[in-house]
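A structural walkthrough
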Amino acid sequence: MSFSERLKEDFSTMTLVLIPVAIAINVVIGQIVSLLKLPVYLDSIGTVLVGVLAGPWAGALTGTLSNIVWGLTIDPNAFPWFPVAFFIGLTAGICARYGLFKTWWKVVITGIIIAFVAAIISAFINVWLYGGITASGSSFLTAYLLASGRGVIESVLATNFIFEPIDKVATSLLAWFIIKGLSVRYISRFPRAENV
Amino acid sequence: MADQLSLYVDRASPLHRLNPLTKLVLSFSLVLIGFLGPGYWLPTILFVGILIPLSFWGNIGNEFLQRAVRLILPLVLFLFVMQSLFYPGGRTVLVRIWIISLKLESIQFAYLTATRILNMVGAFLLLLLSTHPSTLMTDLTRRGLPPALTYILVSTLQIIPQMRNKANTIIDAQRSRGLETQGSVWARIGALFPLVGPLVFGSLVDVEERAIAIEARAFKAKRVKTSLREVPDSTLQRQVRWGLGLLTLVLIGIGLWR
Amino acid sequence: MAIVTLDQVTYRYPHTPQPALRNLSLEVNEGEFVAVIGANGAGKSTLCYTITGFVPHFFRGEMSGEVTVAGLATRQQTLDELMLVAGLVFQNPSNQISGAKFTVYEEIAFGLENLGVPPAEMRPRIDRVMALTGITAFADRSPYALSGGQQQRVALASILVMEPKVLVLDEPTSQLDPIGSREVFETIRAMSKQGMTVIMAEHKLEWVATFADRVIALADGGIILNGPPAEVLTSPLLNEHHIGQTRYTAVARLAQTAQLWPVAKPLPVTLDDAEAGFRTVLGAG
């Protein structure tokens, strides 16, 4: 099947209706979680959901639009990070394509992969945004950690490498739980139902 | 609670009457020139000399300034502090507090980044304050934006306030039980699931019927779609758009060459 | 003249062992108002989807038999071609708001835009259909800011404006309050009087008795009864298949057990029938 044919299939009517709902889920859960002062974000559950059920590109679109909506309504500081959201959706879709969303431990692996990809992209954005950081290891790391808004002590303890993967693994698992909670008949309506 | 997710301010003004694509091209031009064009003070000039006057021409000057300040101030302050302190290219030390030193070049770089971002947000703010979303969407669809994308964008704009209203009920229920600040992390999470769960599952299950509903309106028809509203355009605006595009390329070229 | 024909239709949803429709054959004539009754799971919704082509095009699954609507064979046509001749309105009012438009007026125009109708032609059609459904006052409101009954009338208007030949409704009032229900039923009745072919799945048997020309009773995916309301709604088969009865029939049945209503006398299904019947039976003047 050609790329454009696959794309058209991925963006079925069900997908088109799902995406705004997934964005709303991202925004609403993300907001509730931040109001509860929990140490995670959980603002990409919808993105992962779409990536798994409708393919990487639909997931990427969902992530990007969620980021824009978040920036417009909650916190404009989030705007520069739209590529991270893009790649979260893309990665989720690709992992699911290769069968990494079928059992809970595979989902954990997906979460770790997503966290890894997100960390790399974030680092690039931080460099670009905060400019001219030298390639020396420790200053890069510190600057990245500090620039992503963490307190100094947290950054020094490199907790970023603990919280981010937890967030993404939890996100992936929650997306998986949601899918498991929906009937097979319902899931089979989506273009990439074979991923689960 | 707002029941529409839109920055649009309804006024009668020449800016409002401009074709949305013209405003879109203007916004993108300003952003690109601001980030890639030549000159240290360019973003500042663009913001003060072009964006602010345009906003007043559009009768939305006050809203523009208020929003710009509200959106940008936290970001700018944060950026300023971060870059002033940690930008490694700085040499001229101005102030030294403990192990932190404030360098001139860092402040200069921070100012440039801050004004670039201010310029970018301002450019899109101008567009969004003066253009009704459905006008923008109708025009873009007419010019070839896939209807699927239009549907997703507009539907998102409308569904977010709906879901947030429902979610606020949940949050209020949590608050009244004092679970927001008291209770352990796990208690807070645990109390949340039975409330957020139905919201999430309910909205997901509805997706099927809503997909049927739009197919019942022939959304997937292969015909050429028409539009109820007409969005006016003019030759002059078309020429201005091309002119802006050209100007942008030239200025970026100069900026990159330097 | 049959405008809708189902010929030996059997259909099974994907991932479901039992077929939802079994060897179902049905004919509906142009201009008829046919009500479809049955217990939950009997196949009413599936029948509605089958007539409008969502079965099989949207739901996929296994289907045998032929369905023809206004001369078009549903299995051969694409769904959007079928939407020109068949319109579908279903239970949940807010799920039928497309979300693609900001005002009720534009919401109604949505279907016409998709069909490529010229703008000049759109406005009179929309105005007419809004007057018909009584929602002219809502033209500039957001569809989300309406009550359930109002939203359902918007949904109805949005389908009617596309001028289908057959209007299929799947329990359109089940989520509405009594006033909302009445408003929707009156509109549907008005359409029927104007000659529209209406097929409506419905639980509210009193309304069925008043409006329908013909009633079809479904059970387990097959038709068990097919005839005028007075005949179908009084059949003992209804009770066997957990379908219920109108309150007028219920009262008359009670009167039968109390020896007040002769067993041979036909049971009433509407208020008028009941009133006339009891007047005779009780010998009142």
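Every value quoted in this text rests on a predicted model; they were computed, and no experiment measured them. (Residues numbered from 1 in each chain as written. Chains lettered and ligands numbered in written order. Predicted model: local features only at pLDDT ≥ 70, side-chain atom pairs only at ≥ 80, totals over all residues.)

So, the packing of helix 5 (residues 119-133) of chain C against helix 6 (residues 148-160) of chain C
All names here are of chain C. Contact geometry of helix 5 with helix 6 gives a least axis separation of 9 Å together with a crossing angle of 140 degrees. What the angle tells us is that helix 5 and helix 6 run oblique. Considering only the axes of helix 5 and helix 6, their crossing is right-handed. Facing V129, M130, L132 and T133 of helix 5, the residues of helix 6 in contact are R153, L156, A157 and L160. Taken together, the residues that form the contact of helix 5 with helix 6 break down as 6 nonpolar, 1 polar and 1 charged. (Axes fitted to C-alpha atoms, helices over the stretch in contact; angles between N-to-C directions. Helix = DSSP H or I, 4+ residues; strand = E, 2+ residues; numbered from the N terminus. Parallel < 35°, antiparallel > 145°, perpendicular 65-115°, else oblique. Left-handed = near helix turned anticlockwise from the far one by under 90°. Contact = placed C-beta atoms within 7 Å. Nonpolar A, V, L, I, M, F, W, Y, C, P; charged D, E, K, R; others polar.)

Examining the sheet that holds strand 2 (residues 21-29) of chain C
Residue and element names in this part refer to chain C. Read from one edge of the open sheet, 4 strands run 2-1-4-5, paired in antiparallel fashion. Single-partner strands in this sheet number two, and they are strand 2 and strand 5 (72-73). Summarising the sheet, strand 1 (residues 2-12) and strand 2 pair through 6 bridges and their orientation is antiparallel. Bridge pairing in strand 2 links L6 to L26. (Pairing = 2+ DSSP bridges.)

Brief notes about the confidence of the model for chain A
All names here are of chain A. Overall, the prediction assigns chain A a mean pLDDT of 82, with 81% of residues at 70 or greater. The element-level mean pLDDT for chain A is lowest in helix 8 (residues 152-156), coming to 42, with helix 3 (residues 45-54) highest at 96. A low-confidence stretch, residues 132-140 (pLDDT under 50), is modelled with 12 contacts involving residues beyond four sequence positions or located in other chains. Contacts of residues 151-159 to residues separated by more than four positions or lying in other chains number 7 contacts, the stretch itself having pLDDT below 50. (pLDDT = per-residue confidence, 0-100.)

Let's talk about helix 6 (residues 133-142) of chain B
Taken together, the buried positions of helix 6 of chain B are occupied by S134, L136, M137, T138 and D139 of chain B. Following helix 6 of chain B by one or two positions, G144 of chain B adopts a phi angle in the positive range, close to 120 degrees. (Buried ≥ 20, exposed ≤ 12 C-beta atoms within 10 Å, placed from the backbone.)

Points about the nonpolar core
Ranked by internal contacts, the top residues of the largest apolar core, which has 166 residues, are L18 of chain A together with V36, I108 and I199 of chain C. Among the elements that make up this core, the one with the highest residue count is helix 2 (residues 13-35) of chain A (15 residues). Those residues in contact with V36 of chain C that lie beyond four places of it in its chain are K44, L47, I199, M200, A201, I216 and L218 of chain C. Of all hydrophobic cores here, the second largest spans 28 residues; its members include L18, L54, A123 and L127 of chain B. (Core = buried A, V, L, I, M, F, W, Y, C linked by C-beta atoms within 7 Å.)

Here we look at helix 4 (residues 56-73) of chain A
With 18 residues, helix 4 of chain A extends 26 Å from end C-alpha to end C-alpha; this agrees with the ideal 26 Å at 1.5 Å per step. By the criterion of burial, helix 4 of chain A is predominantly enclosed, with 15 of the 18 residues buried. (Expected span 1.5 Å × (residues − 1).)

Looking at the sheet that holds strand 3 (residues 33-38) of chain C
Residue and element names in this part refer to chain C. Overall, mixed pairing links the 6 strands, which are arranged 6-7-8-3-9-10 in an open sheet. Every other strand in the sheet has two partners, leaving strand 6 (86-89) and strand 10 (222-227) as the edge strands with one partner each. Ignoring which end each strand starts from, the neighbouring axes of this sheet average 20 degrees apart. Strand direction decides the pairing type here: strand 7 (residues 166-170) and strand 8 (residues 197-201), joined by 5 bridges, are parallel. By the bridge assignment, L167 is partnered in strand 8 with V198. Along the sheet, helix 1 (residues 44-52) contacts strand 3, strand 6, strand 7, strand 8 and strand 9 (214-219); its crossing angle with strand 7, the most-contacted strand, is approximately 155 degrees. Helix 7 (residues 178-193) contacts strand 3, strand 7 and strand 8 of the sheet and is inclined by roughly 145 degrees relative to strand 8.

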